[in-house]
Amino acid sequence: MELKKIIVASGNEGKIKELRSILKGVKVISMREAGITGNIEENGSSFKENALIKAKAVSEKTGEAVLADDSGLCVDFLGGAPGIYSARFSGEGSAANRALLLKRMQGAEDRSAHFECAVCLYMPDGKTYFGTGKTYGKILEEECGEGGFGYDPLFYSDDLNKSFGQASAEEKNGVSHRNRAINDLLSKI
């Protein structure tokens, strides 16, 4: 199957930009550009369930192929938290999420963490395809770098030997959990 156009079930501009960079040759349209507004309740118990919920909801409204992902930061010291709650960890946005993470990590010797992503491509006929990806690293003791979004300034990538906040978009996309999940998905369709 060759994808020419997909709608991405997200309003996160950083994520849309990253997906456009990863999916070269595919017309990537945001939910907003497709005329879909509002939030989709992510009430699944896993990244995969949340990706399916979002993709199906937007596809049923548009009749188009829809790609959705759910991803998050999983910190070993915190038993995998914030996990599926990464975007709403503090309830107050990215800067507050990073501050809360640093507070909860105070004194932690084990700073191991990974970003995890599940993507779902939901077709208008109900056929679904999934991909998953992870990237490993550790949580820094303070923010480092101005790039990226979300937890990027706190995540030191084992692959890049620097924080995602210090990495160029091309460097990050080459090793990101989202890129790995998309490649896993593309290998299945």
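First, a word on what this report is: a plain description of the structure on this page. (Residues numbered from 1 in each chain as written. Predicted model: local features only at pLDDT ≥ 70, side-chain atom pairs only at ≥ 80, totals over all residues. Heavy atoms only, no water.)

### Looking at the pairing of strand β5 (residues 128–139)
This is how it is decided: Only strands joined by at least two bridges in the DSSP assignment are considered to pair. Each helix is a run of DSSP H or I of at least 4 residues and each strand a run of E of at least 2, with the numbering of both proceeding from the N terminus.
Pairing of strand β4 (residues 112–122) with β5 involves 11 bridges; the strand directions are antiparallel. Counted as the bridge partner of Ser112 is Lys138 from β5. Linking β4 to β5, which pair antiparallel, is a turn of five residues; within it Gly126 sits at a positive phi near 95 degrees. Pairing analysis gives three bridges linking β5 to strand β6 (residues 155–157), with the strands arranged antiparallel. Within the sheet, the bridge partner assigned to Ile139 lies in β6 and is Phe155.

### Brief notes about the pairing of β4
Quick note on the threshold: Each residue gets one of three labels from its accessible area relative to the maximum for its type: buried under 20%, exposed over 50%, partly exposed in between, using a 1.4 Å probe on protein chains only.
Extensive coverage of β4 is indicated by the burial of nine of its 11 residues. Inspection of the sheet shows strand β3 (residues 66–75) paired to β4 by 10 bridges, in the antiparallel sense. Looking at the pairing, Cys74 lines up with His114 of β4.

### Details of the nonpolar core
To keep things clear, this is the line we draw: Only buried Ala, Val, Leu, Ile, Met, Phe, Trp, Tyr and Cys residues count toward a nonpolar core, and they belong to the same one when joined by side-chain atoms within 4.5 Å. Whether two residues are in contact is decided by their heavy atoms: any pair within 4.5 Å suffices.
Ranked by internal contacts, the top residues of the largest apolar core, which has 19 residues, are Ile6, Leu23, Leu67, Val119, Leu121 and Ile182. Of all the secondary structure elements, the ones that give two or more residues to this core are β1 (5–8), α1 (13–22), β4 and α5 (177–186). Excluding anything up to four places from it in sequence, Leu67 contacts Ile6, Ile7, Val8, Ala9, Leu19, Leu23, Val119, Cys120, Leu121, Ile182 and Leu185. Grouped together as the second largest cluster of nonpolar side chains are 17 residues, Leu73, Phe89, Phe155 and Phe164 included.

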